[in-house]
Amino acid sequence: MNKKTIFLAAIITIAFVSVILFSKASSDKKASASTTKHKYYTSISIEDGDSLWTIAEKYAAPESGTYNDFIDEVKQINDLHGDQIEYGCSIVIPQYK
């Protein structure tokens, strides 16, 4: 094979690989955009027997991180300095939609 044929084959291969990589990256962006959830905040009433841990078990989403991460955020949002919450009170929690 001559140099011209090898050069042409290399250009075609590079172009083909570029198209494949670009289409893969484009489809990955579309998939992640459709699964992106938005964070919002809602208020809940504390029921008898509730604790920050049981609330985390009930309301924490995968986007919240661990239950401890969720609890830390709830404590920060509500200016709680300990783990005690009172029946009948309301607290604000993060949610994802």
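Computed from a predicted structure; not experimentally measured.

Colleague: Looking at this structure, I do not really get the overall build of the protein. What am I missing?
Modeller: Scanning the protein from terminus to terminus reveals three helices and two strands. Starting at the N terminus and ending at the C terminus, the protein contains elements arranged as α-β-α-α-β. A burial count over the protein gives 19% of its 97 residues as buried. For the protein, the share of sequence-separated contacts (at least 6 apart) that also reach a separation of at least 24 residues comes to 65%. Approximately 7,500 Å² of the protein is accessible, and the part contributed by carbon and sulfur atoms is 59%.

Colleague: What is the right way to read helix H3 (residues 67-77) from this model?
Modeller: Within an α-helix, residues lying three or four positions from one another point in the same direction, as the helix has 3.6 residues per turn. Every buried residue of H3 is listed here: Phe-70, Ile-71, Glu-73, Val-74 and Lys-75. Check the buried side of H3 and you find it contacts strand S1 (39-45), helix H2 (52-59) and strand S2 (90-96).

Colleague: Teacher, can you tell me more about the pattern of salt bridges here?
Modeller: Working definition: two side chains of opposite charge can pair if their charged atoms are close together. The tally for this structure, following the rule as stated, stands at two salt bridges. Among the salt bridges present, the one from Asp-83 reaches Lys-75, with a minimum N-O distance of 2.9 Å. By relative accessible area, Lys-75 is classed as buried at 18%.

Thresholds, definitions, all that
Residue positions are given per chain, counted from 1 along the sequence in the order it is written. Confidence filtering applies because this is a predicted model: local features only for residues at pLDDT of at least 70, side-chain atom pairs given and counted only at 80 or more, and all residues used for totals across whole chains, interfaces and linings. To obtain the side-chain values, all non-hydrogen atoms of the structure were used and water was disregarded. By definition, any uninterrupted DSSP run of H or I lasting at least four residues is a helix, any uninterrupted run of E lasting at least two residues is a strand, and each is numbered from the N terminus. Residue exposure (1.4 Å probe, protein chains only): buried if accessible area is under 20% of the type maximum, exposed if over 50%, otherwise partly exposed. We call two residues contacting when some pair of their heavy atoms lies within 4.5 Å. The accessible surface values rely on the Shrake-Rupley method and a 1.4 Å probe; as for residues, cover is taken only from the protein chains in view. Any carboxyl oxygen of Asp or Glu that lies within 4 Å of a side-chain nitrogen of Lys or Arg is treated as forming a salt bridge with it.

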